[in-house]
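Read off the chains here:
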Amino acid sequence: MHESVEHWRVHKPLVRGENGVVAAQHWRAAQAGVAVLDTGGNAVDAAVATALAEGVVEPWMCGLGGSGYMVVYRKVDQSVHTLNFQGTVPAGIDLADYPLDPSVPDAIMGFPGVKDNRNVVGYGSITVPGAVAGFAEALVRFGSQPFERLVMPALDLASQGLVVDWYTTLQIVLQMGELQKDRGASELYLPGGVPAQPDSVLPLPALTATLKRLAEHGPRDFYEGGIAEQLVADLQRGGSAIGREDLANYRVEVSEPLSGVHRGVRVYGTDATGGARRLLEALAHSAGELDPTEIGADTYLAYARALDAAFSAHKARVGQDAQGGCTTHLSVLDGEGNLVALTYTLLNRFGSQVVLPRTGITMNNAISYFDPRPGFPTSLAGGKRINSSNMCPTIAVKDGKGWFAVGASGANFIVPATFQITALLIDYGLSLEEVFHVPRIDASARGGLRVDPRIPWEIREKLAEHWPLEVAQLLTFPKLYACPSAVLRDPDSGVGYGMTDPSSPVAAAWAG
């Protein structure tokens with residue numbers, strides 16, 4: 001286990017707020033959410049405003065063309081609810097358009113390659129996006145401000161254009177080969193045929209017009225009105241099977257979340273289609289295997305075994321293993337004690353690599369969530385909703401009060417990161433700041449264990465007795481331990497705290 005890593009350390013401070021906290025993957029989006037809290041909005045209002053803003057400032061991760069989950073804790077009745085706004089396959093999809101091709105690498109979810117990579121890149125990879133419907137449904141049920149008002153921060157950001165920093169340039173460079181194949185994507189992200197450079201601004205006229213129309217006509221316009229007409233016209237011209245009925249028939253699923261109890265704390269997550277089942281199984285598996293007085297080798301062994309068991313069971317159930325992806329997560333706490341954990345995604349970085357010309361929306365590539373082979377739980381079929389995801393927005397309730405909300409981006413790394421933060425908070429009583437700086441492992445039934453080199457040598461030697469080890473640093477890129485964010489409410493004082501991934505240059509918690 002020769003150690004060969006960069007010699008640098010990064011630290012982020014805890015953020016404290018009396019009127020709530022927003023923790024998000026981009027600081028400008030977090031600011032937008034806190035502004036909503038400061039004007040009387042609740043946690044759901046702030047989460048929607050933050051998520052819409054994220055789609056403007058972090059368009060490689062999420063946006064109006066994406067889908068996901070939201071978990072909501074309501075202090076008034078101590079209830080927790082899950083909203084599933086995952087994408088759906090167009091009803092008229094032709095499975096003959098997705099023939100297997102052994103010369104094409106496996107898709108992101110581990111499924112066999114398809115001819116021309118049609119299920120991963122381009123118009124054939126796009127599902128009906130659920131984000132707009134999901135945000136609207138959350139507001140109707142649990143919000144206090146209208147959708148039209150909460151679009152305004154995103155509209156303001158879009159009217160300013162996409163401000164490019166070095167991190168934005170990195171994201172574009174990583175996908176340049178695919179972005180240049182789509183005219184809309186190329187014109188937006190590759191001005192002059194090269195990636196947009198830091199300190200430049202990319203105008204977003206079409207997206208600005210779309211957000212303005214959403215503010216004027218409301219969210220149903222996206223599925224049944226003028227925006228829907230523009231979406232369908234562009235999608236079908238590009239070869240997508242999505243039609244007007246697919247958009248008009250889209251509905252959000254609201255349900256009781258999966259939940260479990262860990263050391264007296266009730267932990268809530270997504271429905272059965274997300275990452276909650278693996279997280280809860282890992283918590284249950286680890287409960288009796290560690291000494292809760294000290295973080296040591298036994299801790300990492302217990303957590304590794306728990307994650308390995310949970311992922312092994314998951315693979316047996318669905319027969320897949322996602323290895324990458326780009327997602328955004330945000331966590332919100334308001335001054336009343338309501339909590340929101342929200343994760344949504346385009347799936348791959350820049351999704352399908354398609355920017356629709358009429359609306360300026362970067363679209364998802366969630367057809368790759370589905371197995372192109374028949375006979376499996378995740379097999380591709382017309383009208384089917386995504387039924388297996390790594391997204392893991394999580395809320396913990398202690399003594400009947402909302403305690404913390406947490407989640408992460410990073411595909412297969414999401415559940416391990418969210419599990420470890422959740423377990424460390426509950427098992428060891430650490431502060432949120434301490435937990436985010438505890439070095440993590442990645443275990444997901446992958447035949448080995450990835451470890452952060454900050455883990456002491458003697459602990460790594462103990463782990464190496466049980467698994468082949470890969471020593472890999474927590475870096476800005478690649479994100480090998482996910483990109484988490486969380487908020488926490490002190491049960492005694494009611495003060496809120498927020499933290500985001502220390503190695504992300506743009507993620508931040510903002511306080512009201």
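See the structure printed just above.
For the structure given in this document, a descriptive report is provided here. Every value quoted in this text rests on a predicted model; they were computed, and no experiment measured them.

1. Some points on the overall build of the protein
Phase 1: The helix and strand inventory of the protein stands at 17 helices and 19 strands.
Phase 2: Principal-axis analysis of the C-alpha atoms gives the protein an extent of 60 × 55 × 45 Å.
Phase 3: Relative to its full complement of 512 residues, the protein shows a buried share of 63%.
Phase 4: Taking contacts inside the protein between residues at least 6 apart in sequence as the whole, the part at least 24 apart equals 70%.
Phase 5: Working note: accessible area of the protein is about 18000 Å², and carbon and sulfur atoms make up 51% of it.
Phase 6: One way to put it: in the protein the 40 positive side-chain charges average out to a point 3 Å from where the 54 negative ones average out.

2. Overview of the sheet that holds strand β11 (residues 339-347)
Phase 1: Spatial strand order, β7-β4-β3-β11-β10-β2-β19: 7 strands in an open sheet with antiparallel pairing. In this open sheet, the two edge strands, each paired with only one partner strand, are β7 (253-255) and β19 (508-511). For this sheet, the mean inter-axis angle between neighbouring strands, taken without regard to orientation, is 10°.
Phase 2: When strand β3 (residues 67-74) meets strand β4 (residues 79-85), the two strands line up antiparallel, connected through 7 bridges. Across the sheet, Met 70 pairs through a bridge with Leu 83, a residue of β4.

3. Things to note about the sheet that holds strand β12 (residues 394-398)
Phase 1: In spatial order, the strands read β1-β18-β17-β13-β12-β9-β8; together these 7 strands make up an open sheet with antiparallel pairing. A single partner strand is all that each edge strand has here, and the edge strands are β1 (15-17) and β8 (259-262). Within the sheet, the average angular offset between the axes of one strand and its neighbour, ignoring direction, is 20°.
Phase 2: Strand direction decides the pairing type here: β12 and strand β13 (residues 401-409), joined by 5 bridges, are antiparallel. The residue bridging Ile 395 from the neighbouring strand is Ala 405, located in β13.
Phase 3: Lying over the sheet, helix α13 (residues 276-286) contacts β8, β9 (265-268) and β12, oriented at roughly 25° with respect to β8.

4. Digging into the side chain of Thr 50
Phase 1: Structurally, Thr 50 can be placed in helix α2 (residues 43-57).
Phase 2: Among the residues examined, Thr 50 registers a relative accessible area of 0% and is labelled buried.
Phase 3: Within the structure, Thr 50 has its side chain in polar contact with the backbone oxygen of Ala 46 (distance 2.7 Å).
Phase 4: Apart from residues lying up to four places away in sequence, Thr 50 is in contact with Val 22, Ala 24, Ala 29, Ala 30, Gly 33 and Leu 330.

5. A short note on the packing of α2 against helix α5 (residues 152-160)
Phase 1: Their axes nearest at 8 Å, the elements α2 and α5 cross at an angle of 15°. The orientation of α2 relative to α5 falls into the category roughly parallel. Like other packed secondary-structure pairs, α2 and α5 cross with a definite hand, here right-handed. Taking contact as the criterion, the partners of Ala 49, Leu 52, Ala 53, Val 56 and Val 57 in α2 are, on α5, Pro 153, Ala 154, Leu 157 and Ala 158.
Phase 2: Residues belonging to the contact of α2 with α5 are distributed by class as follows: 9 nonpolar, no polar and no charged.

6. Quick look at the pattern of salt bridges
Phase 1: Here the structure, examined in full by the defined rule, presents 21 salt bridges.
Phase 2: Of the charged contacts, one joins Asp 234 and Arg 358 as a salt bridge, the two residues approaching to 2.3 Å between their closest N and O atoms. Remark: Arg 358 occurs in the loop between β11 and β12 and Asp 234 occurs in helix α11 (residues 226-238); sequence separation between them is 124 residues.
Phase 3: Assessed through its relative accessible area of 4%, Asp 234 is described here as buried.
Phase 4: Arg 373 is the partner of Asp 371 in a salt bridge, and the nearest nitrogen-oxygen pair spans 2.8 Å.
Phase 5: Arg 373 gets classed as partly exposed once you look at its relative accessible area, which sits at 27%.

7. Brief notes about α2
Phase 1: Under the 1.5 Å per step criterion, the end-to-end length of α2 is 21 Å for 15 residues, consistent within 8% with the ideal 21 Å.
Phase 2: Within α2, 15 of the 15 residues are buried, which leaves the element mostly enclosed by the surrounding structure.
Phase 3: Between the side-chain oxygen at the start of α2 and the backbone nitrogen of Val 44 there is a gap of 3.0 Å, and the oxygen is on Asn 42.

8. Things to note about the pairing of strand β18 (residues 496-500)
Phase 1: A large share of β18 lies buried, amounting to 5 of its 5 residues.
Phase 2: Every second residue of β18 is oriented toward a common face, with Gly 496, Gly 498 and Thr 500 on one face and Tyr 497 and Met 499 on the other, all of them buried.
Phase 3: Pairing of strand β17 (residues 483-489) with β18, which is carried by 5 bridges, proceeds in the antiparallel orientation. Paired with Leu 488 across the bridge in β18 is Tyr 497.
Phase 4: Once β17 ends, the chain turns through 6 residues before running back antiparallel as β18, passing Gly 494 with a positive phi of about 80°.

9. Brief notes about the environment of Val 5
Phase 1: Inspection of the secondary structure puts Val 5 in the segment before β1.
Phase 2: Sequence separation between Val 5 and Asp 452 is 447 residues; the distance between their C-alpha atoms is 10.0 Å.
Phase 3: Contact partners of Val 5, with chain neighbours within four places excluded, come to Pro 453 and Gln 473.

10. Quick notes on the packing of α5 against helix α9 (residues 205-217)
Phase 1: The geometry of α5 relative to α9 is characterised by a closest axis approach of 9 Å and an angle of 160° between their N-to-C directions. Relative to α9, the element α5 lies roughly antiparallel. α5 and α9 meet at a crossing whose hand is left-handed. Contacts between α5 and α9 involve Met 152, Ala 154, Leu 155, Ala 158 and Ser 159 on the former and, on the latter, Thr 208, Leu 211, Lys 212 and Ala 215.

11. Quick word on the nonpolar core
Phase 1: Grouped together as the largest cluster of nonpolar side chains are 85 residues, with contacts concentrated most on Met 70, Phe 135, Tyr 189 and Leu 211.
Phase 2: Non-local contacts of Leu 211, meaning those with residues more than four positions away in its chain, are made with Val 56, Leu 64, Val 151, Ala 154, Leu 155 and Ala 158.
Phase 3: With 56 residues, the next largest nonpolar core counts Leu 449, Ile 459, Leu 474 and Leu 488 among its residues.

12. As for the state of the cysteines
Phase 1: For the coordinates displayed, the defined rule picks out 0 disulfides.
Phase 2: Cys 392 carries a free sulfur, and the closest cysteine sulfur to it, the one in Cys 483, is 15 Å from it.
Phase 3: Residue Cys 392 is classed as buried on the basis of its relative accessible area, which comes to 1%.
Phase 4: When its relative accessible area of 8% is taken as the criterion, Cys 483 is described as buried.

Criteria and thresholds
Residues numbered from 1 in each chain as written. Predicted model: local features only at pLDDT ≥ 70, side-chain atom pairs only at ≥ 80, totals over all residues. Heavy atoms only, no water. Helix = DSSP H or I, 4+ residues; strand = E, 2+ residues; numbered from the N terminus. Buried < 20%, exposed > 50% of the residue type's maximum accessible area, 1.4 Å probe, protein only. Contact = heavy atoms within 4.5 Å. Areas by Shrake-Rupley, 256 points an atom, 1.4 Å probe, with all protein chains shown as cover. Lys, Arg positive; Asp, Glu negative; His and termini not counted. Charge placed at Lys NZ, Arg CZ, Asp CG, Glu CD. Pairing = 2+ DSSP bridges. Axes fitted to C-alpha atoms, helices over the stretch in contact; angles between N-to-C directions. Polar contact = N/O pair within 3.5 Å; in protein donor to acceptor, adjacent residues only side chain to side chain. Parallel < 35°, antiparallel > 145°, perpendicular 65-115°, else oblique. Left-handed = near helix turned anticlockwise from the far one by under 90°. Nonpolar A, V, L, I, M, F, W, Y, C, P; charged D, E, K, R; others polar. Salt bridge = Lys/Arg side-chain N within 4 Å of Asp/Glu carboxyl O. Expected span 1.5 Å × (residues − 1). Core = buried A, V, L, I, M, F, W, Y, C linked by side-chain atoms within 4.5 Å. Disulfide = S-S within 2.5 Å.

On their own, these measurements won't tell you what the molecule is for.
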